[in-house]
Amino acid sequence: MQERPRSLEGNLRERLIKCVREKGADDPETKRLLTQWTQEEEKAVPVPQPERSKGVILFNIKRARLYAEMGWIEAARDNYSDALMQLGNLEDREFADNTGEVVYEEIDNLRPFN
């Protein structure tokens, strides 16, 4: 995956979370920030296989974590589910098994924010 400075990535993520909590999901700024975050994360997914498959799985997990932190629990579950389905098709069983354990644990711990 292409590396971006963590401070820029974290700043956008933090702004998005703050925006959705303060203004809601339908706010134009929230939608703009979510689109920007998604596009930046998708750009970081490697192109060649098998790294691409792993990158897409990790992107879905990262997006699930973001959604969970924003309070979008069902969207988070959907992304975790997508990641699990993709893990089931992966040839690298060690990566799939280890990552799957983390995903199941995170699903079990999903809670809406207050």
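A.B. asks: Got a minute to help me understand the side chain of Asn79 in this structure?
C.D. replies: In this fold, Asn79 is placed in helix α4 (residues 73-88). Under the relative-accessibility criterion, Asn79 is labelled buried at 6%. Apart from the residues lying within four places of it in its own chain, the contact partners of Asn79 are Asn60, Arg63, Ala64 and Tyr67.

A.B. asks: In this structure, what is going on with the packing of aromatic side chains? I would like to understand it.
C.D. replies: Aromatic ring pairs are reported here in terms of the distance separating the ring centres and the angle at which the planes meet. For the structure on display, the rule yields 2 aromatic pairs. An angle of 25° between the planes, with centres 6.1 Å apart, marks the rings of Trp37 and Phe59 as stacked. Pair noted here: Trp37 is in helix α2 (residues 28-43) and Phe59 is in helix α3 (residues 51-70), with a separation of 22 residues, a long-range link. When sorted by exposure, Trp37 lands in the same class as Phe59, which is buried. Here Tyr67 and Trp72 contribute two aromatic rings whose centre-to-centre distance is 5.3 Å and whose plane-to-plane angle is 45°, an arrangement assigned as tilted. A residue is classified by how much of its surface remains accessible, and Trp72, at 22% relative accessible area, is partly exposed. Above the face of the Phe95 ring, Lys54 is positioned so that its terminal group lies 5.2 Å from the ring centre.

Reading guide: rules and limits
- Residues numbered from 1 in each chain as written.
- Predicted model: local features only at pLDDT ≥ 70, side-chain atom pairs only at ≥ 80, totals over all residues.
- Heavy atoms only, no water.
- Helix = DSSP H or I, 4+ residues; strand = E, 2+ residues; numbered from the N terminus.
- Buried < 20%, exposed > 50% of the residue type's maximum accessible area, 1.4 Å probe, protein only.
- Contact = heavy atoms within 4.5 Å.
- Phe/Tyr/Trp six-rings, centres within 6.5 Å; stacked < 30°, edge-to-face > 60°.
- Lys NZ or Arg CZ within 6 Å of the ring centre and 35° of its normal.

It is worth stressing that arrangement in space is one thing and function is another; only the former is reported here.
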